[in-house]
Amino acid sequence: MVAEIEGGLIVKDMRMHVRHALMEFCLGTPSLGEDGAITFAPGSKSETLDEVKRIAADYPKEKFILYTHSPRFARYVARELKNAVEYTGLVSGADREKNKDSFINGDARFIVANHAMSEGINGLQRVCSKMIRMSVTDIGIKNSQVIGRIARNGQEADEKDVIVFDLVRRDTYDEGKLSAQMERALVNYEAKAFGEDLL
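Residues numbered from 1 in each chain as written. Predicted model: local features only at pLDDT ≥ 70, side-chain atom pairs only at ≥ 80, totals over all residues. Heavy atoms only, no water.

Student: Whenever I open this one, the overall build of the chain confuses me. Can you help?
Tutor: A tally of regular secondary structure across the chain gives 6 helices and 9 strands. Counted over contacts in the chain with a minimum sequence separation of 6, partners at least 24 positions apart contribute 69%. As displayed, the chain offers around 11800 Å² of accessible surface, 52% of which is attributable to carbon and sulfur atoms. (Helix = DSSP H or I, 4+ residues; strand = E, 2+ residues; numbered from the N terminus. Contact = heavy atoms within 4.5 Å. Areas by Shrake-Rupley, 256 points an atom, 1.4 Å probe, with all protein chains shown as cover.)

Student: What is the right way to read unusual backbone geometry from this model?
Tutor: With glycine set apart, most residues show a phi of negative sign, and most peptide bonds adopt trans. One non-glycine residue, Asn 83, adopts positive backbone phi at about 60°. For Asn 83, the location among the structural elements is in the loop between α3 (71–80) and β6 (84–87). Residue Asn 83 is classed as partly exposed on the basis of its relative accessible area, which comes to 42%. (Buried < 20%, exposed > 50% of the residue type's maximum accessible area, 1.4 Å probe, protein only.)

Student: Is there a simple way to explain α3 in this structure?
Tutor: Since the α-helix advances by 3.6 residues per turn, residues separated by three or four positions end up pointing in the same direction. Taken together, the buried positions of α3 are occupied by Phe 73, Ala 74, Tyr 76, Val 77 and Ala 78. For α3, the elements touching its buried residues are α2 (47–57), β5 (64–67), β6 and β7 (110–113).

Student: How should the pattern of salt bridges be read in this particular structure?
Tutor: Oppositely charged side chains can pair when the atoms bearing their charge come close. Going through the model one piece at a time under the given rule, you end up with 6 salt bridges. Of the charged contacts, one joins Lys 100 and Glu 97 as a salt bridge, the two residues approaching to 3.7 Å between their closest N and O atoms. Taken together, the residues Lys 100 and Glu 97, both in helix α4 (residues 93–105) and 3 residues apart, mark about one turn of the helix. Classification of Lys 100 by relative accessible area gives buried; the value is 15%. According to the relative accessible area criterion, Glu 97 is partly exposed, its value standing at 43%. A salt bridge links Asp 166 to Arg 133, with the nearest nitrogen and oxygen atoms 2.6 Å apart. On the criterion of sequence distance, the pair formed by Asp 166 in strand β9 (residues 163–166) and Arg 133 in strand β8 (residues 130–133) is long-range, its members being 33 residues apart. A residue is classified by how much of its surface remains accessible, and Asp 166, at 27% relative accessible area, is partly exposed. (Salt bridge = Lys/Arg side-chain N within 4 Å of Asp/Glu carboxyl O.)

Student: When you look at the packing of aromatic side chains in this model, what are you seeing that I'm missing?
Tutor: The geometry of an aromatic ring pair comes down to the distance between the two centres and the angle between the two planes. Taken as a whole and assessed by the stated rule, the structure comprises 6 aromatic pairs. A connected cluster of aromatic rings, assembled from ring pairs, spans Tyr 59, Phe 64, Phe 110 and Phe 165. Taking NZ or CZ as reference, Lys 63 lies 5.1 Å from the ring centre of Phe 103, over its face. Sitting over the face of the ring of Tyr 87, Arg 96 holds its NZ or CZ atom 5.7 Å from the ring centroid. (Phe/Tyr/Trp six-rings, centres within 6.5 Å; stacked < 30°, edge-to-face > 60°. Lys NZ or Arg CZ within 6 Å of the ring centre and 35° of its normal.)

Student: Which parts of the structure should I look at to understand the sheet that holds β8?
Tutor: Backbone hydrogen bonds are what pair the strands of a sheet, in a parallel or an antiparallel way. Pairing is parallel across the open sheet formed by 5 strands, whose spatial order is β6-β7-β5-β8-β9. Every other strand in the sheet has two partners, leaving β6 and β9 as the edge strands with one partner each. Across the sheet, the axes of successive neighbouring strands diverge by a mean angle of 20°, strand direction being ignored. As paired strands, β5 and β8 are joined by 4 bridges and run parallel to one another. Residue Ile 65 lies in a different strand from β8, and its bridge partner there is Met 131. Sitting on the sheet, α3 is in contact with β5, β6 and β7, with an inclination near 160° to β6. Lying over the sheet, α4 contacts β5, β6 and β7, oriented at roughly 140° with respect to β6. (Pairing = 2+ DSSP bridges. Axes fitted to C-alpha atoms, helices over the stretch in contact; angles between N-to-C directions.)

Student: Looking at this structure, how should I read the confidence of the model for the chain?
Tutor: When pLDDT drops low, the exact placement of atoms in the prediction is not to be read closely. Residues at a pLDDT of 70 or more form 63% of the chain, whose mean pLDDT is 77. In the model of the chain, strand β1 (residues 2–5) stands out as the element of lowest mean pLDDT, 45, in contrast to β6, which has the highest, 96. A low-confidence stretch, residues 1–6 (pLDDT under 50), is modelled with 10 contacts involving residues beyond four sequence positions or located in other chains. Contacts from residues 194–199, a stretch scored under 50 in pLDDT, to residues over four places away or in other chains number 0 contacts. (pLDDT = per-residue confidence, 0-100.)

Student: Would you mind going over the nonpolar core with me for this structure?
Tutor: Across soluble globular proteins, you tend to see nonpolar side chains buried next to one another. Phe 64, Leu 66, Val 77, Leu 81, Val 112, Ile 132 and Met 134 are the most contacted members of the largest nonpolar core, which totals 22 residues. Broken down by secondary-structure element, the contributors of at least two residues to this core are α2, β5, α3 and β7. It is α3 that contributes the most residues to this core, 5 residues altogether. Not counting chain neighbours up to four residues away, the residues in contact with Met 134 comprise Leu 27, Thr 48, Val 52, Leu 66, Tyr 67, Thr 68, Phe 73, Val 77, Val 112 and Leu 167. Membership of the second largest hydrophobic core comes to 16 residues, among which are Val 85, Ala 108, Ala 113 and Leu 124. (Core = buried A, V, L, I, M, F, W, Y, C linked by side-chain atoms within 4.5 Å.)

This is the structure in structure tokens:
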């Protein structure tokens with residue numbers, strides 16, 4: 001059910017898989033595969049990918065983690081960028097490890113991932129301090145965990161600041177979701193700092 005109130009859209013009672021499909025439409029120009037699943041054809045238009053390229057051009061010698069909720073969009077981005085590897089559930093465990101090694105020890109400049117990278121992957125922080133989140137998930141802890149892949153002990157000998165770029169379309173559900181998650185993180189941080197002051 002969709003209703004317009006005072007110029008803004010309110011979406012109510014939307015099934016999760018429908019919402020995820022709508023979120024994918026914001027990432028680029030999708031098409032439907034033979035199985036009816038959303039896909040992104042090689043060379044298709046994506047303002048998100050264009051922005052990733054612009055940001056990466058500002059840091060020509062840096063490696064990047066590119067994160068999205070969509071494994072299909074991650075695959076598209078990994079194929080469209082030079083020196084990129086994919087780390088999603090669409091890739092076998094052995095290939096994920098090979099791709100991670102190529103990013104950490106090899107020539108891969110970009111590792112394009114979804115929530116498969118949220119836990120249990122270490123070493124990225126030794127070679128990377130930049131992340132571009134092309135989309136976020138509904139699960140705040142997963143968004144935090146993916147940042148934790150580079151914002152952790154051993155971060156390039158703790159010499160570089162971690163920079164996370166969030167690509168979010170204005171006036172969308174995702175903008176509100178990201179804002180709410182950041183607000184909760186700030187409240188948690190302030191509460192922790194307050195508790196430390198009491199010790």
